[in-house]
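Single-letter residue listing:
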Protein chains: 2
Amino acid sequence: MTFSQLTPPQRILMGPGPSEIHPSVLAAMAAPTVGHLDPYFLKLMDEVQSMLRDVFQTTNPMTMAISGTGSAGMETCVVNLIEPGDRMVVGINGVFGGRMAEVAERLGAQVTRMERPFGEVFTPEEVRAVVQQVQPKVVGIVQAETSTGAWQPLDDIAAIVHEAGALLVVDCVTSLAGVPVEIDRLGIDAAYSGSQKCLSCPPGLSPVTFGPRALEAMDKRTRRVSSWYLDIGLLRNYWGSNRAYHHTAPINMNYALHQALRLVLQEGLPARFARHMQHHRALKAGLNAMGIRYSGAADSCLPMLNSILIPEGADDAAVRSQLLNEFGIEIGGGLGPMKGKVWRIGLMGETAKKSNVLLFLAALEQCLNRQGIRPDPGAGVAAANAAWLAS
Amino acid sequence: MTFSQLTPPQRILMGPGPSEIHPSVLAAMAAPTVGHLDPYFLKLMDEVQSMLRDVFQTTNPMTMAISGTGSAGMETCVVNLIEPGDRMVVGINGVFGGRMAEVAERLGAQVTRMERPFGEVFTPEEVRAVVQQVQPKVVGIVQAETSTGAWQPLDDIAAIVHEAGALLVVDCVTSLAGVPVEIDRLGIDAAYSGSQKCLSCPPGLSPVTFGPRALEAMDKRTRRVSSWYLDIGLLRNYWGSNRAYHHTAPINMNYALHQALRLVLQEGLPARFARHMQHHRALKAGLNAMGIRYSGAADSCLPMLNSILIPEGADDAAVRSQLLNEFGIEIGGGLGPMKGKVWRIGLMGETAKKSNVLLFLAALEQCLNRQGIRPDPGAGVAAANAAWLAS
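Cut-offs used in this document
- Residues numbered from 1 in each chain as written.
- Chains lettered and ligands numbered in written order.
- Predicted model: local features only at pLDDT ≥ 70, side-chain atom pairs only at ≥ 80, totals over all residues.
- Helix = DSSP H or I, 4+ residues; strand = E, 2+ residues; numbered from the N terminus.
- Rg over C-alpha atoms; globule rule 2.2 N^0.38 Å.
- Buried ≥ 20, exposed ≤ 12 C-beta atoms within 10 Å, placed from the backbone.
- Domains from an automatic or database assignment.
- Contact = placed C-beta atoms within 7 Å.
- Nonpolar A, V, L, I, M, F, W, Y, C, P; charged D, E, K, R; others polar.
- Least-squares fit on C-alpha atoms with pLDDT ≥ 70 in both.
- Pairing = 2+ DSSP bridges.
- Axes fitted to C-alpha atoms, helices over the stretch in contact; angles between N-to-C directions.
- Parallel < 35°, antiparallel > 145°, perpendicular 65-115°, else oblique.
- Left-handed = near helix turned anticlockwise from the far one by under 90°.
- pLDDT = per-residue confidence, 0-100.
- Core = buried A, V, L, I, M, F, W, Y, C linked by C-beta atoms within 7 Å.

### Section: the overall build of chain A
Counting secondary structure elements, chain A contains 14 helices and 14 strands. The C-alpha radius of gyration computed for chain A amounts to 21 Å, which stays within 12% of the reference 21 Å derived for 391 residues, consistent with globular compactness. Referenced to the eigenvectors of the C-alpha coordinate spread, the extents of chain A come out at roughly 65 × 55 × 50 Å. Residues counted as buried form 58% of the 391 residues belonging to chain A.

Next comes the structure, spelled out in structure tokens:
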């Protein structure tokens, strides 16, 4: 059985990822494939590593892209640092903290689940209490909870974890290249991200970085890493100076990541962070003017992932369908306990621009009207415009 | 630090993969990205699954593409079927059998290594002897050893493994869509492949298929699968009718696989197998006329992976560099114990065409001349042309 040729629709990707992709990144995907040991590709790998270090704000030599999606990056961090029986504390205030705990449990870790209701963030005091009690080898925490939009401050927590002699693993899937991810300044020992969020590259690669303490812990392992595919010891030989064949890297995905990273660094990290924040503020002003509230605390909202409470009387699925089918706009529904309660509006990477904010606010007004909900006509757009003017 | 824009060279990919890629597949890579839960993408996943079933010659519902390269597919098969302490027999006659054994050992299997010198294949008798003695839960074997070019017959072995009540896992990375891979006729319980070989798609996805006995074995597990990312129980919910979010699939990679599969099925499997065989015979005739011999036994040479002995007096690296730099032709060197002893000439998927065979033979003659090796001038090309005429 064969099927007709691919004709994907043009979407405005305002969900929790993938985000919009610059045409030059899509064009890079279609560049001629070379071999994974071709001198050209080896040079490209060097450049990807160098640019990833800049974006992660680190000098860690072991900074590279795992050949899988963000969850493969999460598993890479855990499987290389944890041996069966090791103690690990995981902060769970959303779906992705829960996933990290499950990944660690499957790998035989003794996991202590440090929990907070969805949407909240952890205080230094509670982290200190748990870490002092458990004395873990590894602490895992999510900087940007894609399921709730919560932005976890890391400065104090990093100090607490290191004082206790533990390693800090941070989920930067949604934060990298959207808000500061300061690996070296905070001494974060291992971190992972995804290509399809604020890097604005198609999904398929997971940038990771490992610091000296993490590599030391790997060197001290008594058992081999249970995953051959994700073993950093083996990957170091391919991404390091040996260039020993490990697996066949996704060549064209790495082309795309190379171009996406070029765009990030051409814009510059401070400008990019400011752009995310500016358009987030405009979106928030517009939504508030329409009577819509965020699900999380006001002082810990991520700029690139806006989790808003579905207005009373609105049909979750109907609104998202109308946005998709009539306007081509994708937004995200709620995950886990947030299902049916929130919408998640992404402003990640290329998606974070004025035109998307305005179109979304205007389209949402129409969709709410269809549901019998009538915010002040044009109030969302007016408030967003006012916010930009004031900024 | 930023780098200049990507300008990969045009290569003729005659190595052990990646293979040449049809322009329509590269164009599909650059189609607009949609969300991983977009109705359009869910339909595309259905179509990819359906076409993969045709190529694997199976009706297995659980047939899909793992979001990683071929080695991730290997790990998926092993990690889902093996629990710590399970007995597994792995046939090792090349690098990839050795890799499967290592993957299984890391996951706690009691592995029996059934070994043969590189380049040879296993006889039914020796498989029967080992299987009867070990009584394993799983037997793993490589149909197409990419490191040696050996083509393992499977009919008798499949019967022997099933008579012993074991599950048969087959590595089809290099064979799928190049020679028959008959999952249902042989009752193969699990198999994995890679997108970048005879499917002629960029690397980054690993087609896998699981039969009913394999799924039953997964249902009977007493421990969870140690890898969250590769857990078929979770992936069944995403690729199955539930469409429950698991991970963000590599959207554009799946576009490319969709188009690559369309091309495979438009050509038709019998025609595609015949094409691989025809051009392999012409290549072999040409090489033999130049005094070059294959490294493996004549009756078990894969058509798409031609492992030839480096002629005495030729400098391995110098010849491969000249081919690459002067002709744009990539061929593979030897892996493991074959390093420095063989060259590996791929004729996979789009690469398997007359023009590549002729150019390679002509270019190789020039490179050998540079090394002071002088086959009969034009003999390779003449013999290849004669082989096509006679076919």
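Having put the structure on the table, let's press on.
### Some words on the domain arrangement of chain A
All names here are of chain A. Domain annotation for chain A reports domain 1 (22-266) and domain 2 (269-390). Here domain 1 and domain 2 have C-alpha centroids that lie 29 Å from each other. Listed by partner, the interface residues are 23 residues for domain 1 and 22 residues for domain 2. Here the side of domain 1 that touches domain 2 is composed, by residue class, of 12 nonpolar, 9 polar and 2 charged.

### A short note on the interface of chain B and chain A
The partner chain A presents 65 residues to the 64 residues of chain B that form the contact. With 9 residues, the single largest contributor to the side of chain B that touches chain A is helix H10 (residues 251-267) of chain B. Grouping the amino acids of the side of chain B that touches chain A by side-chain chemistry returns 31 nonpolar, 23 polar and 10 charged.

### Describing the relation of the copies chain B and chain A
With an RMSD of 0.0 Å, the operation that places chain B on chain A is a rotation of 180° combined with a shift of 0.0 Å along the axis. The transformation just described matches what one would write down for a two-fold rotation axis. Take the interface residues of chain B: 100% of them recur as interface residues in chain A, which is what a same-surface contact looks like.

### A closer look at the sheet that holds strand E13 (residues 332-333) of chain B
Residue and element names in this part refer to chain B. The 3 strands are arranged E11-E14-E13 in an open sheet whose pairing can be described as antiparallel. Among the strands making up the open sheet, the edge pair consists of strand E11 (305-309) and E13. As paired strands, E11 and strand E14 (residues 342-346) are joined by 5 bridges and run antiparallel to one another. Its bridge partner being in E14, Leu-309 is matched across the sheet by Val-342.

### Things to note about the packing of helix H12 (residues 316-327) of chain B against helix H13 (residues 354-370) of chain B
Residues and elements named next belong to chain B. Axis separation between H12 and H13 bottoms out at 10 Å; the angle between their running directions is 130°. Taken together, H12 and H13 sit at an angle that is classed as oblique. Relative to H13, the crossing made by H12 is right-handed. Two secondary-structure elements touch here, H12 through Val-319, Gln-322, Leu-323 and Phe-327 and H13 through Ala-363, Cys-367 and Arg-370. Here the contact of H12 with H13 is built from residues that sort into 5 nonpolar, 1 polar and 1 charged.

### Quick look at the environment of B:Met304
Residues and elements named next belong to chain B. Positionally, Met-304 belongs in the loop between helix H11 (269-289) and E11. Met-304 sits in the buried class, given 30 other C-beta atoms within 10 Å. In the structure, Met-304 is positioned 34 residues away from Pro-270 in sequence and 15 Å away in space, judged by C-alpha atoms. The residues contacting Met-304, other than those within four sequence positions of it, are Thr-174, Gly-178, Cys-198, His-276, Gly-346, Leu-347, Met-348 and Ala-352.

### Description of the confidence of the model for chain A
This prediction gives chain A a mean pLDDT of 97; 100% of its residues lie at or above 70. Here the complex is predicted with pTM 0.98, and the ipTM for its interfaces comes to 0.97.

### Examining the sheet that holds strand E8 (residues 167-171) of chain A
Residues and elements named next belong to chain A. Across the sheet, which stays open at both edges, the 7 strands sit in the order E2-E10-E9-E8-E5-E3-E4 with mixed pairing between neighbours. The two strands at the open ends of the sheet, each matched to only one other strand, are strand E2 (63-66) and strand E4 (110-115). Taken pair by pair, the neighbouring strands of this sheet meet at an average axis angle of 20°, ignoring direction. Note: strand E3 (residues 87-92) against strand E5 (residues 138-142), 3 bridges, orientation parallel. Among the inter-strand pairings, Val-89 is bridged to a residue of E5, identified as Val-139. Set on the sheet, helix H8 (residues 212-219) makes contact with E8, strand E9 (190-192) and strand E10 (206-210); between it and E8 the angle comes to about 115°.

### Quick word on the nonpolar core
In a soluble, globular protein the nonpolar side chains are often hidden away together inside. Among the nonpolar cores identified, the biggest contains 267 residues, and A:Ala104 and B:Ala104 are the most heavily contacted of them. Leaving out residues up to four positions away in the same chain, B:Ala104 has contacts with B:Val78, B:Ile82, B:Met88, B:Val90, B:Ala109 and B:Val111.

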